[in-house]
Amino acid sequence: MSLVNDDIAPVGSTRRSWRAQLRGGSVLLCVGLLMLAIMIVTTVLAPWIVPYDPSASIGMPLSPPNAEHLLGTDVIGRDILSRLISGGRTTLLITGIAVSLALVAGLILGLLSGYLGGIVDETIMRILDVVFAFPVFLLAIAVVAALGPTIPNLIITIAIVYTPAMARVVRGPVLSVKQWDHVEAARSIGVGDVRIVSRHILPIVASPVVVETSLTLAQTIFTVTALSFLGLGPPPPDPNWGGMLAESRQFMELAPITVIAPAGAIVFATMTFIILANGLREFLNVSTRR
Amino acid sequence: MSAGTPLLSVRDLTARIATHHEIVEAVRGVSFDVAPGEAVGFVGESGCGKSVTARAIMRLAAEGTDVRLDGKILFKGRDLLTLSDREMGKMRGRQIAMVFQDPMTSLNPVMTVGAQIDDVLRRHTDLYGRAVRARSIELLDAVGVPDPARRADDHPHQFSGGQRQRILIAIAIACDPDLLIADEPTTALDVTVQAQILRLLMRLREERGMSLLLITHDFGVVAGMVEKVNVMYRGEIVETGDVDTLLSKPQHEYTKSLLAAVPRIRVAGAIS
Amino acid sequence: MSETVMPAAQPEGPVLEVSDLTVTFPGLHGGATVTAVDRASFVIGRGETLGLVGQSGSGKTTTGRAVLQLQKVTSGSVRLLGRELVGMGRKPLREMRRHMQFVQQNPYSSLHPRLTIGRILSEPLEVHRTVSRARIRERIVELLELVNMDPKVVDRYPHEFSGGQRQRIVIARALAVNPDFVVCDEAVSALDVRTQAQIVTLLQGLQERLGLSYLFVAHDLAIVREMAHRVAVMYSGQIVELGPSAAVYDSPGHAYTRLLLDSIPVPDPAIQRLRLRNPLPDVRFVDSNPGPCAHAEDHATTGTAPMHMIGPDHCVSCRFQPQPR
């Protein structure tokens, strides 16, 4: 029986250059990567590019945007632009580390669960179900409230909260890929389990995981800022986006920029990862065509 | 055998396929005729353009490809390539129907098979109300699905591969088309099931006086089924002739090599 | 089932001995268990090919996978080079895999899509350490030449090759560790007719050169005839006929074998037209499907006939075939 459905004679190499793939439709990915680059550069260079000390009162309170203070000043006269850049550093650092931890934990649990199956799978998934059953936000509030609002606590909490989702994203494709022919071929050759997982399964399941990670980053930024808004974020006077929003919301009418600036930053960061996720989904789907 | 004008007359058909990254001339200058009631076979290896030719007549393209067609496809004297999409839509299913290789993916998994035949009948015929289902059951009976009245309410997964292919054939012949195109209709099936499906196609063709275009890679499949054979290689017809002559005295080197590659099984005494 | 333990690895003994191999699957949704392979027994000698034919769902693929211990065996015995594989521990089994290899049906899915040919071929060598690291590259070149491929392809990816070329690579991978026995599961079914012929020739040549034994599982009887020295015909999980290819094809003893042979379309219009005029018989063959068999015997009540000899090395499960003298 012929498994070849498309009746097209292959001419030359069917491998495509990265450039061709990018041309092939991923405007989204390019935009996402550009936005990500802007964020990373500002975050990394934050200490050198902030115009003023973000924690010092150096001007008139609540002054509107002007030549000296591009985004104006907040209620105690601190430069909003400096606070925005510096606060972004904190927010993105927490997000980045937390999601990385969740990714590692999710990968390990998801691979174990999906590959071994049976009782191991049952146990892992039931435990994760319990964590998963709580609303993310409620769980985060409970843990941070219990452990205290320090940056490490915040990171651990968020990592725990997002681990089940990551594990699920990994487990699903593993369940199907482990039955694919090339995995069976590896097993018939005598390849050990560790190598089967790392070499024959992981690279295949990587694409959905990458996409999901990007989406989780978007959600996490939101969660981090929301927790900070509620006062469960990094303690003052270090700036962070959620905290800035909370401090300024009563002056919203007096000086709208105090709220618009951090809100805009949050939207920008969240959008970055959502756009990136969609771009990656498009891009990886194309390149994973078998 | 064929008197007067052919039912289908393809002239200088060229198909260029644009995939994501390249353009392939899958069919180059193909011309052939199919007379009313005649059966014509297309034989070749995968990639030779035989399926693209078949799809071209239906003005269909394989998933994810963009096909540009040049030349003429005259069906009852009208050039199908000049028809509007709407006119072509009326042509498909009603006058020209197609059966594909894979009976699993060609049926809608969430609809009962009866409903799928009903749909075709409602779209292409004047039947309405109870007459539709009655006709569907008749069709299932005609293609040899046992207990058709009851099985019409089953879903595709409740049927075996061979029965699914029968159902697809029922859908294809629902509107009494003048031309049935069968693209590797038995390739995915077991040999005994293949033998049954070939018998079915043979019987239907005779009963209904349809023309048949049979696309296959297997000379054995065309042998008893068609009058004329076209052998395709790299997008072109390299040899054409009536089936008895072509199989006993192949002229083109490619045809010879294809026939030589068919493993021979002793057939003496095997005719039951 | 219970067999006397034989001394290990007699050089002149059969490469593979399978007796009463049975594989059952739990029924879906708590239904009755499904017996995919039912008391199958056969032996494969060194340098010999046993063809295993049958329709889809007959259990032939499961048999191949069960022999390789890729499928849990319910009961029965599989001995490779005199060593029992059923119930063997993970580690010794992984070592035994050096002696038995697998060529799957679909060359489009049996190669890792993201590994180069070189890395695909080096994997078995790394796992079994049959050659030193320094010699791996050299061995890969040898392997590619063995399957008539240009050794320059090592840095390319599977998707750059046609189905036939990929199947050559799969075969090269299977041969990397010098196995004694290879299961070919529909190894040429996904390929074009001419490519099929090339791969069959390749497999035969390799058998001659390397003394390989094959279990050649296929639904295509013509290909099996080309490949196999002996043929087993499987129906509904049971082997109903087993014998030398010439005997099974030319004087089939079982009605089912005859039905299969008669169904193959031959490129002869006169014969084919005649055949298509006659309806196919609708008959039953073994104990798991009730109804009259070709000899009007209902096997559901009488049971599947025991396998018995009807010619030299030619067994059949049919009570209407002559018993041995």
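Residues numbered from 1 in each chain as written. Chains lettered and ligands numbered in written order. Predicted model: local features only at pLDDT ≥ 70, side-chain atom pairs only at ≥ 80, totals over all residues. Heavy atoms only, no water.

Broken down by element type, chain B carries 10 helices and 10 strands. For chain B, the proportion of its 272 residues judged to be buried stands at 56%. For chain B, long-range pairs separated by at least 24 residues make up 66% of all intrachain contacts whose partners lie at least 6 apart in sequence. Taking the average place of the 33 positive charges on the side chains of chain B and the average place of its 35 negative ones, the gap between the two points comes to 2 Å. (Helix = DSSP H or I, 4+ residues; strand = E, 2+ residues; numbered from the N terminus. Buried < 20%, exposed > 50% of the residue type's maximum accessible area, 1.4 Å probe, protein only. Contact = heavy atoms within 4.5 Å. Lys, Arg positive; Asp, Glu negative; His and termini not counted. Charge placed at Lys NZ, Arg CZ, Asp CG, Glu CD.)

What follows concerns the interface of chain C and chain B. In this complex, chain C contributes 35 residues to the contact, which on the side of chain B involves 40 residues. Taking both partners together, chain C and chain B bury about 3,400 Å²; carbon and sulfur atoms supply 61% of that area. If you sort the residues of chain C by the area they bury against chain B, C:Arg194, C:Pro267 and C:Leu276 come out on top, with a joint share of 21%. Residue C:Arg277 is joined to B:Glu206 by a salt bridge in which the shortest nitrogen-to-oxygen separation is 3.2 Å. Run the count over chain C and chain B and you get 10 residue pairs in polar contact (both at pLDDT 80 or more). When residues of the side of chain C that touches chain B are traced back to their parent elements, those giving at least two are helix 6 (193–210), helix 7 (221–227), helix 8 (245–250), helix 9 (255–263) and helix 10 (269–277) of chain C. In terms of residue count, helix 10 of chain C provides more of the side of chain C that touches chain B than any other element does, 8 residues in total. Partitioning the side of chain C that touches chain B into residue classes produces 19 nonpolar, 6 polar and 10 charged. (Buried area = accessible area lost by both parts, 1.4 Å probe. Salt bridge = Lys/Arg side-chain N within 4 Å of Asp/Glu carboxyl O. Polar contact = N/O pair within 3.5 Å; in protein donor to acceptor, adjacent residues only side chain to side chain. Nonpolar A, V, L, I, M, F, W, Y, C, P; charged D, E, K, R; others polar.)

The next subject is helix 6 of chain C. Residue and element names in this part refer to chain C. Its 18 residues place the ends of helix 6 26 Å apart at the C-alpha level, agreeing with the 26 Å of an ideal helix rising 1.5 Å per residue. Among the residues of helix 6, those classed as buried are Val 193, Thr 195, Gln 196, Ile 199, Val 200, Leu 202, Leu 203, Leu 206 and Gln 207. Note on helix 6: the residue one or two positions beyond its end, Gly 211, has a positive phi of about 65°. (Expected span 1.5 Å × (residues − 1).)

Another aspect to go through is a nonpolar patch on the surface. On the surface, A:Ile40, A:Val41, A:Val44, A:Leu45, A:Trp48 and A:Ile49 cluster together into a nonpolar patch covering about 600 Å² of accessible area. Residue placement: A:Ile49 occurs in helix 2 (residues 27–49). (Patch = residues over 30% accessible without salt bridge, like charges linked within 9 Å, V, L, I, M, F, W, Y side chains within 5 Å. Areas by Shrake-Rupley, 256 points an atom, 1.4 Å probe, with all protein chains shown as cover.)

Overall, the coordinates contain 3 aromatic pairs over all chains when judged by the stated rule. Ring centres 4.7 Å apart and planes at 70° place the aromatic pair B:Phe32 and B:Phe42 in the edge-to-face group. Residue B:Phe32 is located in strand 2 (residues 23–34), and its partner B:Phe42 is located in strand 3 (residues 39–43); the two are separated by 10 residues in the primary sequence. There is no split in this pair, since B:Phe32 and B:Phe42 are both buried. In this arrangement the basic side chain of A:Arg168 is found over the ring face of A:Phe132, its NZ or CZ atom lying 4.7 Å from the centre. Directly above the ring of B:Phe159 sits B:Arg151, whose terminal nitrogen or CZ lies 4.0 Å from the centroid. (Phe/Tyr/Trp six-rings, centres within 6.5 Å; stacked < 30°, edge-to-face > 60°. Lys NZ or Arg CZ within 6 Å of the ring centre and 35° of its normal.)

Below, the discussion takes up the pattern of salt bridges. Counted by the stated rule, this structure contains 48 salt bridges over all chains. The residue A:Glu122 makes a salt bridge to A:Arg126 at a minimum N-O spacing of 3.1 Å. On the criterion of helical spacing, the pair formed by A:Glu122 and A:Arg126 is a turn pair, its members being 4 residues apart in helix 4 (residues 118–133). Classification of A:Glu122 by relative accessible area gives partly exposed; the value is 43%. One salt bridge connects B:Glu38 with B:Lys228, and the closest N-O pair in it is separated by 3.6 Å. You can see B:Glu38 sitting in the loop between strand 2 and strand 3 and its partner B:Lys228 sitting in strand 9 (residues 228–233), a full 190 residues away along the chain. Classification of B:Glu38 as buried rests on a relative accessible area of 6%. Residue class for B:Lys228 comes out partly exposed when judged on its relative accessible area of 28%. In this structure, a network of salt bridges that share partners links the residues A:Asp74, A:Arg78, A:Arg83 and A:Glu247.

Right, let's get into the pairing of strand 6 (residues 96–99) of chain B. Side-chain direction in a regular strand flips from residue to residue, so the side chains alternate between the two faces of the sheet. Residues and elements named next belong to chain B. Covered by surrounding structure in strand 6 are Ile 96 and Met 98 together with Ala 97 and Val 99, the residues of both alternating faces. Sheet analysis places strand 6 next to strand 7 (residues 179–183), joined by 4 bridges and oriented parallel. Residue pairing in the sheet places Ala 97 in a bridge with Leu 180 of strand 7. (Pairing = 2+ DSSP bridges.)

One finds C:Ile171 and C:Phe216 to be the most contacted residues of the largest nonpolar core, which totals 61 residues. At 6 residues, the largest contribution of residues to this core is made by helix 5 (residues 163–175) of chain C. Setting aside its immediate chain neighbours within four residues, C:Phe216 contacts C:Thr49, C:Leu50, C:Gly51, C:Leu52, C:Cys184, C:Val188, C:Leu203, C:Ile223, C:Val224 and C:Met227. In this structure, B:Leu139, B:Leu140, B:Leu180 and B:Leu258 belong to the second largest nonpolar core, which totals 53 residues. (Core = buried A, V, L, I, M, F, W, Y, C linked by side-chain atoms within 4.5 Å.)

It is worth spelling out the layout of surface pockets at this point. Here the second largest pocket is characterised by a volume of approximately 1,400 Å³. As for the second largest pocket, its lining consists of 47 residues, of which B:Asp190, B:Thr192, B:Val193, C:Gln55 and C:Ser56 are closest to the centre. Residue assignment for the lining of the second largest pocket shows that the elements contributing at least two residues are helix 6 (161–172) and helix 7 (191–208) of chain B together with strand 2 (34–44), helix 1 (60–67) and helix 9 of chain C. Top contributing element to the lining of the second largest pocket by residue count: helix 7 of chain B, with 6 residues. Of the residues belonging to the lining of the second largest pocket, the class tally is 17 nonpolar, 20 polar and 10 charged. (1 Å grid on protein atoms, 1.4 Å probe; cavity = no way out; pocket = protein on both sides within 12 Å on 5 of 7 lines; lining within 4 Å. Points joined across faces, edges and corners; volume = space filled by probe spheres on them.)

Turning next to the sheet that holds strand 9 (residues 230–235) of chain C. Residue and element names in this part refer to chain C. If you walk across this open sheet you meet the 8 strands as 6-7-8-3-9-10-12-11, and the pairing is mixed. Each edge of the open sheet is held by one strand with a lone partner, namely strand 6 (100–103) and strand 11 (308–311). Averaged over all pairs of adjacent strands, the angle between their axes in this sheet comes to 20°, without regard to strand direction. Its contacts with the sheet place helix 6 against strand 3 (49–53), strand 7 (181–185) and strand 8 (213–218), and it is angled at close to 160° to strand 8. (Axes fitted to C-alpha atoms, helices over the stretch in contact; angles between N-to-C directions.)

The next point concerns the sheet that holds strand 5 (residues 78–79) of chain B. All names here are of chain B. Taken in spatial order, the 4 strands make up an open sheet running 2-1-4-5, and their pairing is antiparallel. Strands with a single pairing partner mark the edges of an open sheet, and in this sheet they are strand 2 and strand 5. Relative to strand 4 (residues 66–75), strand 1 (residues 8–18) runs antiparallel, the two being bridged by 9 bridges. Looking at strand 4, one finds that Thr 14 is bridged to Asp 70.

Residues and elements named next belong to chain B. Along the chain, His 155 falls in the loop between helix 5 (148–151) and helix 6. Owing to a relative accessible area of 24%, His 155 belongs among the partly exposed residues under this scheme. His 155 sits 39 residues away from Gln 116 along the chain, and the two C-alpha atoms are 9.8 Å apart. In contact with His 155, not counting residues within four places along its chain, are Pro 109, Val 110, Met 111, Thr 112 and Val 113.

Take helix 3 (residues 113–124) of chain B next. Residues and elements named next belong to chain B. Taking 1.5 Å per residue as the helical rise, helix 3 with its 12 residues ought to reach 16 Å, and the 17 Å between its terminal C-alpha atoms agrees with that figure. Within helix 3, the full set of buried residues consists of Val 113, Gly 114, Gln 116, Ile 117, Asp 118, Val 120, Leu 121 and His 124. Those residues of helix 3 that are buried lie in contact with helix 2 (85–91), helix 4 (130–142), helix 5 and helix 6.

Attention now moves to the side chain of A:Ser86. With respect to the secondary-structure elements, A:Ser86 resides in helix 3 (residues 80–116). In contact with A:Ser86, other than residues within four places in its own chain, are A:Val50, A:Pro54 and A:Pro239.

For B:Arg59, which is not glycine, the phi torsion reads 55° and is therefore positive. In this structure, C:Asp313 takes a positive phi of about 65° despite not being glycine. Within the secondary structure layout, C:Asp313 lies in the loop between strand 11 and strand 12 (314–316). Classification of C:Asp313 as partly exposed rests on a relative accessible area of 41%.

The subject of this paragraph is the packing of helix 8 (residues 193–229) of chain A against helix 3 (residues 117–128) of chain C. Contact pair helix 8 of chain A / helix 3 of chain C: the axes reach a minimum separation of 13 Å and the direction vectors enclose 175°. If you check the angle between helix 8 of chain A and helix 3 of chain C, you find them roughly antiparallel. On helix 3 of chain C, the residues that touch A:Arg195, A:Arg199 and A:His200 of helix 8 of chain A are C:Arg119, C:Glu123, C:Glu126 and C:Val127. Here the contact of helix 8 of chain A with helix 3 of chain C is built from residues that sort into 1 nonpolar, 1 polar and 5 charged. (Parallel < 35°, antiparallel > 145°, perpendicular 65-115°, else oblique.)

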